[in-house]
Amino acid sequence: MADKLHFSLVSPAKELFSGDVDHVIAPGTDGEFGVLVNHAPFMTTLRNGVVRVLEGDHVKMRIFVRGGFADVTPAGLTILAEEARVLEDVKLDEVQAEMEATLLKIQSLDKDSSERATLQAHFDYLESLKAALVH
Amino acid sequence: MPSLKDLKNRISSVKSTQKITKAMQMVAAAKLKRAQDSATAARPYAQRMASVLANLSASAGAGGPKLLTGTGSDQTHLVIVMTAERGLAGGFNSYTVKLAKQTISDLLAEGKTVKLVTIGKKGREQLARDYSNLFLAHVDLSGVKGGDYTESALAVGLGLTRRFDAGEFDVATLIYSQFKNVLSQVPVAQQLIPAAAPADAETVELSGSIYRYEPSESDILATLLPRYINTQILSAMLESAAGFYASQMTAMDNATRNAGDMIDRLSLQYNRARQAQITKELIEIISGAEAL
């Protein structure tokens, strides 16, 4: 198979995926989009959501990303995520516990502190992660 | 001439110092491994980010946001000095501070206004002597657990962009220690704002096709730039941490070896003194017997 798309997904912590795949579907801010090999150069920001890596018609891997960028070049697709987790490795009850802990922290803080905004963003992220898991 | 008891005490005190330095060396080695791993793991992201930025800024040209093009003036400089929270790491902190002092005095000599932000306790202590009037803020990293600097880097980055938007400075430079390898850490000064993609960042050959942006190019740049700055700060923090442990490991290795040499020397002295005393006692006994 010569016609494969080179796809890599990196987060600040590490490189989560790098390899050749058939098809990647990613959540762009302006809508979900799919990338096949030889896609036109294209760049977009991402919203919280699931990146699906497809091998043929079958979903090989699902990665949940929080924000970031997708960059399609002739060399392939690169996703730079703020934070990313492989969905198969995430446990629902852990997310639930983290959500509760975050919520408690948010309530203990002042209305307009900057930390609260960061925590709120984190909470939203967890919430959408949970939604993706339940699906 | 110290007495036998003094020598014995000194030997045992040096021995316990050696135990401590040895333990510190081993702890630093273990932490270095982890810090090095996370610094390496963070590298692909920073590199990709740099090449994306290089592509974007090449096509954005002069009309880009201020974070990219600058305010048009370079009167007020913000110098961010990143050092470790702790010492006992050879010249690690001092070299960075030395470069910082050099940079600051150069800027002051040119008549620029300099503001100072320190990250890490050691740098603040050393700079407070000469430049306490320039201090703007200090970031404490002692609360960071397990080498996860993501949140601290984010906080620093956000603070930086906020100050920039408020017009508090024109140019921001980050001074930190770059981790070359275990034996060498080089202090470097890196310009953060206006953000410039490193010259060696790979740009993609588009072979005539046109990039499409969604949403618009400027929107992407506006979200990308603050993140790029955060990423730079994060990778600087990770490199600095790895460098600190490497430097501490080397320093403690030297200290352990030095303590070993000292113990040898002291033992020799102790044994000589002991033998001299025995000889002296023998002479006393023999001459006492002869006198009878």
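Once a new chain begins, its residue numbering starts again from 1 and follows that chain's sequence as written. The order in which chains are written sets their letters, starting at A; the order in which ligands are written sets their numbers, starting at 1. Per-residue local features of the predicted model are confined to residues with pLDDT of at least 70, and side-chain atom pairs are confined, for both listing and counting, to 80 or more; whole-chain, interface and lining totals are unaffected and use all residues.

1. A look at the overall build of chain A
Then, in step 1: Helices and strands together make up the secondary structure of chain A, namely 2 helices and 8 strands.
Then, in step 2: Taking the principal axes of the C-alpha coordinates as reference, chain A spans close to 55 × 30 × 25 Å.
Then, in step 3: In chain A, buried positions account for 29% of the 135 residues.
Then, in step 4: Long-range pairs, those at least 24 residues apart, make up 51% of the contacts in chain A between residues at least 6 apart in sequence. Here a helix means four or more residues in a row that DSSP labels H or I, a strand means two or more in a row labelled E, and each is numbered from the N terminus. Any residue surrounded by 20 or more other C-beta atoms within 10 Å of its C-beta is treated as buried, while 12 or fewer makes it exposed and the intermediate range makes it partly exposed; C-beta atoms here are placed from the backbone. Placing a C-beta atom from the backbone of each residue, one calls two residues in contact when those atoms lie within 7 Å.

2. Considering the pairing of strand β3 (residues 23–28) of chain A
Residue and element names in this part refer to chain A.
Then, in step 1: One requirement defines pairing of two strands: DSSP has to find at least two bridges between them. In terms of strand pairing, β3 meets strand β6 (residues 49–55) through 3 bridges, oriented antiparallel. Along β6, the bridge assignment pairs Ile25 with Arg52.
Then, in step 2: Bridge count between β3 and strand β4 (residues 31–35): 5 bridges; the pairing is antiparallel. Within β4, the residue paired with Pro27 across the bridge is Glu32.
Then, in step 3: Here β3 hands over to β4 after 2 residues, the two strands then running antiparallel side by side.

3. Re the interface of chain A and chain B
Then, in step 1: Taken together, the contacts link 22 residues of chain A with 22 residues of chain B.
Then, in step 2: Elements with a minimum of two residues in the side of chain A that touches chain B: β5 (42–46), β7 (58–73) and β8 (76–86) of chain A.
Then, in step 3: For the side of chain A that touches chain B, the per-class residue count stands at 11 nonpolar, 7 polar and 4 charged.
Then, in step 4: Note that β5 of chain A and strand β6 (residues 212–214) of chain B share 3 bridges and pair parallel. Looking at the pairing, Met43 of chain A lines up with Tyr213 of chain B of β6 of chain B. In the scheme used here, Gly and all other residues not listed as nonpolar or charged are polar, with Ala, Val, Leu, Ile, Met, Phe, Trp, Tyr, Cys and Pro taken as nonpolar and Asp, Glu, Lys and Arg as charged.

4. Looking at the packing of helix α5 (residues 150–165) of chain B against helix α6 (residues 217–291) of chain B
Residue and element names in this part refer to chain B.
Then, in step 1: Geometry is summarised by axes, namely lines fitted to C-alpha atoms with helices restricted to the contacting stretch, and by angles between N-to-C directions that run from 0 to 180 degrees. Remark: α5 packs on α6, axes separated minimally by 8 Å, with the N-to-C direction vectors making an angle of 135°. Looking at the two axes, α5 sits oblique to α6. Crossing of α5 against α6: the hand is right-handed. Residues Thr150, Ser152, Ala153, Leu154, Val156, Gly157, Leu160 and Thr161 of α5 form the contact with α6, whose participating residues are Pro226, Ile229, Asn230, Ile233, Leu234 and Met237. These descriptions rest on fixed angle ranges, namely under 35 degrees for roughly parallel, over 145 for roughly antiparallel, 65 to 115 for roughly perpendicular, and the rest for oblique. Take the far helix as the reference: if the near one is turned anticlockwise from it by less than a right angle, the crossing is left-handed, and if turned clockwise, right-handed.

5. Notes on the packing of helix α3 (residues 92–109) of chain B against helix α4 (residues 121–131) of chain B
Residue and element names in this part refer to chain B.
Then, in step 1: At a minimum axis separation of 10 Å, α3 and α4 run at an interaxial angle of 35°. Seen along the crossing, α3 lies across α4 with a hand that is right-handed. Contact with α3, carried on its side by Asn93, Thr96, Val97, Ala100, Lys101 and Ile104, involves Lys122, Gly123, Gln126, Leu127, Asp130 and Tyr131 of α4 and no other residues of that element.
Then, in step 2: Here the residues of the contact of α3 with α4 are counted per class, giving 5 nonpolar, 4 polar and 3 charged.

6. Quick notes on the sheet that holds strand β5 (residues 185–193) of chain B
All names here are of chain B.
Then, in step 1: Here we have 5 strands laid out as an open sheet, ordered β3-β2-β1-β4-β5, and mixed in their pairing. Looking at strand neighbours, the two that pair on one side only are β3 (135–139) and β5, the edges of this open sheet. Strand after strand, the sheet turns through a mean of 20° between neighbouring axes, direction not considered.
Then, in step 2: In this sheet, β5 lies alongside strand β4 (residues 171–179) in antiparallel orientation, the contact comprising 8 bridges. The residue bridging Tyr176 from the neighbouring strand is Val188, located in β5.
Then, in step 3: Set on the sheet, α3 makes contact with β1 (76–82), β2 (113–119), β4 and β5; between it and β4 the angle comes to about 155°.
Then, in step 4: In the packing of α4 onto the sheet, contacts are made with β1, β2 and β3, and the angle to β2 comes to roughly 155°.

7. A short note on the pairing of β6 of chain A
Residues and elements named next belong to chain A.
Then, in step 1: Pairing of β6 with β7 involves 7 bridges; the strand directions are antiparallel. Bridge pairing in β7 links Glu55 to His58.
Then, in step 2: Turn length for the β6-β7 hairpin, with the two strands adjacent in sequence and antiparallel, is 2 residues, and the turn residue Gly56 shows positive phi of about 65°.

8. With respect to the domain arrangement of chain A
Residue and element names in this part refer to chain A.
Then, in step 1: Throughout the structure description, domain borders are defined by an automatic or database domain assignment. Taken domain by domain, chain A consists of domain 1 (5–88) and domain 2 (90–134).
Then, in step 2: Listed as interface residues are 6 residues of domain 1 and, on the opposing side, 6 residues of domain 2.
Then, in step 3: Class assignment of the residues belonging to the side of domain 1 that touches domain 2 gives a composition of 3 nonpolar, 1 polar and 2 charged.

9. Digging into the environment of Asn230 of chain B
All names here are of chain B.
Then, in step 1: Structurally, the position occupied by Asn230 is in helix α6.
Then, in step 2: By C-beta crowding, Asn230 is classed as buried, having 22 other C-beta atoms within 10 Å.
Then, in step 3: Remark: the alpha-carbon pair of Asn230 and Arg257, spanning 27 residues in sequence, is separated by 40 Å.
Then, in step 4: Dropping the residues within four chain positions of it, Asn230 is found in contact with Ala153, Leu154 and Gly157.

10. As for unusual backbone geometry
Then, in step 1: Omega for the bond connecting Ile193 of chain B with Pro194 of chain B falls within 30 degrees of zero, at -5°, which places this linkage in the cis form.
Then, in step 2: Relative to the helices and strands, Pro194 of chain B resides in the loop between β5 and β6.
Then, in step 3: Residues other than glycine seldom take positive phi values, yet Asn38 of chain A does so here, at roughly 60°.
Then, in step 4: Counting through the fold element by element, Asn38 of chain A comes out in the loop between β4 and β5.

11. Looking at the environment of Ile119 of chain B
All names here are of chain B.
Then, in step 1: As for its placement among the helices and strands, Ile119 is situated in strand β2.
Then, in step 2: Judged by the 27 C-beta atoms lying within 10 Å of it, Ile119 falls in the buried class.
Then, in step 3: Separated by 20 residues in sequence, Ile119 and Val139 have C-alpha atoms that sit 4.7 Å apart.

12. What to know about the confidence of the model for chain B
All names here are of chain B.
Then, in step 1: Confidence per residue, as judged by the predictor, is encoded in pLDDT with a range of 0 to 100. With 92% of its residues at a pLDDT of 70 or more, chain B shows a mean pLDDT of 86.
Then, in step 2: No element of chain B has a lower mean pLDDT than β6, which averages 77, and none a higher one than α3, which averages 92.
Then, in step 3: Across the assembled chains, the prediction reports ipTM 0.72 with pTM 0.80.

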